[in-house]
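Chains, contacts and geometry: an overview
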Amino acid sequence: MSDFHFSPEARPFATEYNSVTELKSAFFSQPGADPITNFMQFFSLMLLMHASFLCIHGVAQPLCSGTYSGIVVDEHGQPIVGAAIVLFPTQQGQTSDAMGQFNFTGLCRKLYTVKVQFLGYKEESFELRVNTVDARIVLQELVTQLDEVVIRHHDAAHTESATNFTEMDEKQLAEAAGKSLGEAMREMSGVSTLQTGPGIFKPVIHGVHSQRILILNNGIRQEGQQWGAEHAPEIDPSVAANVVVIKDASAIKYGGDALGGTVIVNPAELPVAPGINGSINSIFQTNGRSATLSGMVEGGLARHEGWGWRLQSSAKRAGDFNTAAYNLTNTGIRELNFSAAVGYHKVKAGFDLYFSRFGTEIGILKGTAVGNLDDLVAAMERPEPLYTSSFSYAISEPRQQVSHNLIKLNGHLTTSRGEWRVQYGFQNNNRQEFDKRIGQLSKLPAMDLRLNTHTIDAEWENLHHGEATFTFGINTILQDNENVPGTQRIPFIPNYLNVSAGVFGVTKIQLDSWTLDAGLRYDYRHYDVKGYDFKNELYSSSFNFANLSGTIGATWNISTTQMLRFNGSSAWRPPHVAELYSLGTHQSAASIEYGLLLNDATNEVMDLDDVNFNPEQAFKFVTTYSFNRLPWALEVSPYANFILNYTYLRPTGLTRNSRGVYPYLRNTQTDALFIGADVTANWQATRSIRASATASLLHASDVKANDYLVFIPSNRYNFTLRYEKPAVGGLRNLYAESKLYFVTRQSRAPRVVTVSKLREAQRAGVNPFEEDDSNFDFMEAPAGYILLDFAVGFSLRADKVQYDFRLASENLTNELYREYTNRFRYYADDRGRNITVSIRCIF
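So, a few notes on the structure that sits alongside this text. Keep in mind it's a predicted model, so treat the numbers as computed, not measured. (Residues numbered from 1 in each chain as written. Predicted model: local features only at pLDDT ≥ 70, side-chain atom pairs only at ≥ 80, totals over all residues. Heavy atoms only, no water.)

Here we look at the overall build of the protein
As a reminder, the rule being used: By the criteria applied, helices consist of DSSP H or I runs no shorter than four residues and strands consist of E runs no shorter than two, each listed in order from the N terminus. When accessible area is computed with a 1.4 Å probe and restricted to protein chains, residues below 20% of their type maximum are described as buried, those above 50% as exposed, and intermediate ones as partly exposed. Residue contacts follow a heavy-atom distance rule, with two residues in contact if any of their heavy atoms lie within 4.5 Å.
Summing up its helical and strand segments, the protein has seven helices and 42 strands in all. A buried classification covers 58% of the 843 residues belonging to the protein. Sequence separation of 24 or more characterises 67% of the internal contacts of the protein that already satisfy a separation of 6 or more.

This is the structure in structure tokens:
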């Protein structure tokens, strides 16, 4: 099959480069890039090359010469044979031998987490700073029922007040290496994606997305141009130690606008012990013929305990993706990311300084760009997209080029009364979208936006003693959006200044078997807006929004095996400027979009006071029941989210401009209700075999119009069977896993008015919506589908280095299907089979 072969003219890694400069130019460089961008690209390349050298040659013997040996026994001192001993984060594993003994060698002198498991005994978990250690580990027999949480993890950062959340840990992220953040998060219960083609994924929590999802990147609110369906989060998942999704509003201290939930991307804590360690990961994929390389080096300072540093970089190059039947022309990706951190931490004080840069160039499916109405009809009705050609790594118009720079400085100070935490963040986000335009205009961005954001966060928390903890704080944002001159078109959104501030208080109270939590927040937002309308005439306006948000939750430990959690919240969200003022072609989304303040008939910009508009107000309730008793674990989370004044892009018809004919979408408000449930079940069949199943169920409706909404995720089910052994002969961390995905057809979709019918109505001179103005879509919801994935992996130790190998296949049977929440389902199918080979080196 073509998935496995590289054509001679399109094989980027078979070329012999005569210099580092040539390699950098072929893999990373962007025409016309500024000197800072070029420097960061070159520095990232050097970091990846040096990390590769360390993996091949190892590190100095004194840094990884530690041993950890011992014996595992029961409460009576009898050896336990076959107990699993695993070290994290390296995931090195062994099983105790016939004498109950184990022996790890070649360990770096750093902090490990040790987990010891054996069926019928309580799991032991503790931290260990390796030098040369001999240990005796005693496991306690399960006389009654095991009191542990299998599905949820309570030690993730920034989840102190969270009631309902799920987590992807370091191991799961390693197995998802090579995917974008949004794509990797699809494995989490209750999370799906709003997709634009094969390479752009935006997280959706319980049916809502975009500005209703708050993303924390290393503790900083992610502020980028993320108001569009094709604006994926500008975050490199390879920096993360875990990713947490809070599905309710309990993370209220980070913002009151998280109507759907909060995504928290946490990097690992900086090392504090002397020594150097790190990793490098190479991922190769057949679909898109892509290669991803990521590397990390970190360490502490000798004779300066408490100081730590980390350097990280990743690069990705992909060509055209393909479906099971044809090529998706012009869908390649170039990506280069870099981050650096340094910090000092002691018990009573500490600080972190962090910098990251995310840069990507993404091709937009060429078949979405059409010149006339007949071509649009053909594009939506033909079996494969227009302009489909053979595989290429070239990226041409339409395309987007995005960069995101983040600087963070935070510190903490503990006094006799409590702990102070202060944090400053600066973000610079640049978005350029290139359209198919006449002549040299194609080389000019049709959209060129620069967004600068300053954030200051301060909070105080009382000391953790007694039954209650209290946290009070303030968040401030100063944000400036600027259209960079030179596009030679009217800006899609205007320039604006956003000044926001919020104050909050949260508390958690422990009462025997109950834990109560509550939070209250007040937010204020001010906008100054200046832009040009379709007549190229200047307009300006200023307006303010303010409101209260609140959350209350309770956790009831019913018994050692059962838990019930509840959260109710009221949250609100002021509009994004794009929802109010968007004007014209959004080529990356293959549509023409108009804002709420544009007159339906004339598209003139109206005053906010003259429009029936209100900020969104959400009332969300989530209840979670957990049952945990070996070998079973079950978690059921029903929820309801009622959003007043829900703002969404409503299909309205077709319209034409100088660049062609496109679907016409207008921002509209209604009242929406999202009702659903997340279900997760695990069965530990044997010590090595685990079966699990998840279900994400959702029913969304337009309450005001008694209708359905478009692009709402359909119900999906996931069944997983996993075999895992800490040690088999010379292999470590051996596992084999099979996953079956079943996604149903979205039966709760609005009526269909095809482009062909709209063309017929236009030619007949009639208004197809005169008698029925209900919601509609341009195409029937696609059929449901079943996908099969398979993966196998293991680890090998070689001197001072560990190698992790992984082979995986997604869509193993090469199914031809379309995902309902893919904005490009009108034009093409989704990706076909993808085989991934991953080699990770830990040193």
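Still more to cover.
Notes on helix 7 (residues 755-764)
For helix 7, every residue scored as buried is listed here: V755, S756, L758, R759 and A761. Buried residues belonging to helix 7 abut helix 5 (373-381) and strand 33 (632-657). Just downstream of helix 7, G765 is the residue with a positive phi angle, here 70 degrees.

Comments concerning unusual backbone geometry
For the bond running from E397 to P398, omega is 0 degrees, close enough to zero to count as cis. For P398, the location among the structural elements is in the loop between helix 5 and strand 22 (399-414). Cis geometry is adopted by the peptide bond preceding P631, which originates at L630 and carries an omega value of 10 degrees. Take P631: it is sitting in the loop between strand 32 (616-629) and strand 33. Here the phi dihedral of R289 falls at roughly 45 degrees; this positive angle occurs in a residue that is not glycine. Mapped onto the secondary structure, R289 falls in the loop between strand 15 (275-285) and strand 16 (290-301). Taking relative accessible area as the criterion, R289 reaches 11% and is therefore assigned buried. A positive phi is found at R303, a non-glycine position, where the angle reads about 65 degrees.

What to know about the environment of G82
Considering the arrangement of structural elements, one finds G82 in the loop between strand 1 (66-73) and strand 2 (84-88). Since its relative accessible area comes to 15%, G82 is described here as buried. For the pair formed by G82 and Q94, sequence separation is twelve residues and the distance between their alpha carbons is 8.8 Å. Setting aside chain neighbours within four positions, we find G82 in contact with T95, S96, F118 and R687.

What about the sheet that holds strand 12 (residues 220-221)?
Note the threshold: Strands are treated as partners if at least two bridges between them are detected by DSSP.
Strand order in the open sheet formed by five strands is 8-13-14-11-12, with mixed pairing between adjacent strands. With partners counted over all chains shown, the strands left at the sheet margins are strand 8 (165-168) and strand 12, one partner each. Bridging between strand 13 (residues 242-246) and strand 14 (residues 261-266) involves five bridges; their strand directions are antiparallel. Bridge pairing in strand 14 links V245 to V263.

A look at the side chain of S569
Mapping S569 onto the fold places it in strand 29 (residues 562-573). Classification of S569 as buried rests on a relative accessible area of 8%. Not counting the four nearest positions on each side in its chain, S569 is found in contact with A249, G550, T551, A618, F619 and K620.

Observations regarding the side chain of D829
Here is the rule we go by: Polar contact criterion, stated in full: a pair of N or O atoms within 3.5 Å, where within protein one must be able to donate a hydrogen and the other to accept it, and residues adjacent in sequence count only if both atoms are side-chain atoms.
Inspection of the secondary structure puts D829 in the loop between strand 41 (801-810) and strand 42 (834-842). Residue classification places D829 among the buried positions, given a relative accessible area of 11%. There is a polar contact of 2.7 Å between the side chain of D829 and the side chain of Y326. At 3.0 Å, the side chain of D829 and the side chain of R818 are in polar contact. Excluding residues that lie within four positions of it along the chain, D829 makes contacts with T323, Y326, L328, P383, L816, Y817 and R818.

Re the packing of aromatic side chains
Basically, it comes down to this: Ring pairs shown here join Phe, Tyr and Trp side chains whose ring centres sit within 6.5 Å, with only the six-membered ring taken for Trp; geometry is labelled stacked below 30 degrees between planes, edge-to-face above 60, and tilted in between.
Per the stated rule, a full pass over the model turns up 30 aromatic pairs. Judged by centre distance (5.2 Å) and plane angle (45 degrees), the ring pair of W307 and Y344 falls under tilted. Placement of W307 in strand 17 (residues 304-318) and of Y344 in strand 20 (residues 333-345) is noted, with a sequence separation of 37 residues between them. Note on W307: relative accessible area 29%, which makes it partly exposed. With relative accessibility at 25%, the residue Y344 sits in the partly exposed group.

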